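Here is what each chain is made of, one letter per residue.
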Amino acid sequence: MITQLKNYLLDVRDRQRIIIALTKGGATMNARRVDLMSPATWEFSGFSQNGEDGIIDVLRKQLLTQNRYFVEIGCSDGIENNSSWLVVAEKLSGIMIEGDPTLAERAKRMIAGHSVGGECRNMFVTRENVHELKRLMFHNDPDVFSLDIDGNDYYIAKAILDNGIRPKIFVVEFNSVFGPERSTTVAYRDDFVFSSAHPTQLYYGVSIKGWRNFFEAQGYQFVTIDQNGVNAFFVDPAHFDRGFLKNIMPLSFAENLYQYRKFRISSADQFKLIENEQFVDI
């Protein structure tokens, strides 16, 4: 009974959050003046934490062909992520993956019903079980793939591509604490959880240069990062007009606004707090 009451109260709040996200997203989307050369003008936020909804929206509209399918690893409760706008507002099909069973169940209750092809799955993705994710997918070349797990992101991205999954648009979180020049990531652990990996919670993820080196070696093109310094966007050039990609003037690096607000010091000084941890060059 207590669990049912708790879920009921959470569901009431989450429905309100969905309404707010749709309202905010619609208002900010329509207020944009999109310049295809300037990714900063693409941004809007409905369900996304930053301007990811807008960047994904513009990139999707530039695809030469679409299958209207997405995958997101790290969807949280289904209301604050990079794919809920696609499900709720755009009615795309796809899979949301979340490692926390409680959050995955909330996402399933609130989001999956908004699209016939929308699914929410509880799964802690490792590089060893990416093949299981592939079996769940309807398309090996989804229009959008978002990866945000605050930890083993590099190793999972590599396993994704190694297993023959090749998204048209690949969205990944980068860690600005590494600065713009280090090409590095954290050491792999199957059970990596950033909140307990280091007291500062700064030891996680991949540097922006590390991502660029990795994806460019895989034939992807860097597009931009969001202005709050959280996510980076890469595309498979085969699915876009060359003129569009050639003319983009990307934002290459920005301090993570949330980390900067928390620590009040630059990424260089933030890195000093974790410099004795183990890192892997990319």
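You'll find the structure just up there.
Since we're looking at a predicted model, the values are computed, not measured.

Novice: Honestly, the packing of aromatic side chains in this entry has me stumped. Any pointers?
Specialist: The geometry of an aromatic ring pair is captured by two quantities: the separation of the ring centres and the angle between the planes. In the structure shown here, the tally under the stated rule is 24 aromatic pairs. With a centroid separation of 5.8 Å and an interplanar angle of 65°, the aromatic rings of F194 and Y204 are classed as edge-to-face. In this pair, F194 is assigned in helix 7 (residues 194–197) and Y204 in the loop between helix 7 and helix 8 (208–217), connecting sequence segments 10 residues apart. Members of the aromatic cluster, each reached through a chain of ring pairs, are F145, Y154, Y155, F170, Y188, W211, F214, F215, Y220, F222 and F234. Lying over the aromatic face of Y188, R127 brings its terminal NZ or CZ to 3.8 Å of the ring centre.

Novice: Got a minute to help me understand helix 6 (residues 153–162) in this structure?
Specialist: For an α-helix the count is 3.6 residues per turn, leaving residues at separations of three or four pointing the same way. A large share of helix 6 lies buried, amounting to 8 of its 10 residues. Within helix 6 the residues assigned to the buried category are D153, Y154, Y155, I156, A157, A159, I160 and L161. Just beyond helix 6, the residue with positive phi is G164, at close to 85°.

Novice: Where do I start with the pairing of strand 5 (residues 169–173) in this structure?
Specialist: Along any regular strand the residues' side chains alternate between the sheet's two faces. Of all the 5 residues making up strand 5, 5 are buried; the element is thus mostly covered by neighbouring parts of the structure. In strand 5, alternate side chains face the same way, and those of I169, V171 and E173 on one face and F170 and V172 on the other are all buried. The pairing of strand 4 (residues 144–147) with strand 5 spans 4 bridges and is classified as parallel. Across the sheet, V144 pairs through a bridge with I169, a residue of strand 5. You can see the chain leave strand 4, run along helix 6 and come back into strand 5, and the turn it takes is right-handed. Both strand 5 and strand 8 (residues 231–235) contribute to a ladder of 5 bridges, which runs antiparallel.

Parameters and conventions
- Residues numbered from 1 in each chain as written.
- Predicted model: local features only at pLDDT ≥ 70, side-chain atom pairs only at ≥ 80, totals over all residues.
- Heavy atoms only, no water.
- Phe/Tyr/Trp six-rings, centres within 6.5 Å; stacked < 30°, edge-to-face > 60°.
- Helix = DSSP H or I, 4+ residues; strand = E, 2+ residues; numbered from the N terminus.
- Lys NZ or Arg CZ within 6 Å of the ring centre and 35° of its normal.
- Buried < 20%, exposed > 50% of the residue type's maximum accessible area, 1.4 Å probe, protein only.
- Pairing = 2+ DSSP bridges.
- Right-handed = clockwise from strand over helix to strand, strands pointing away.

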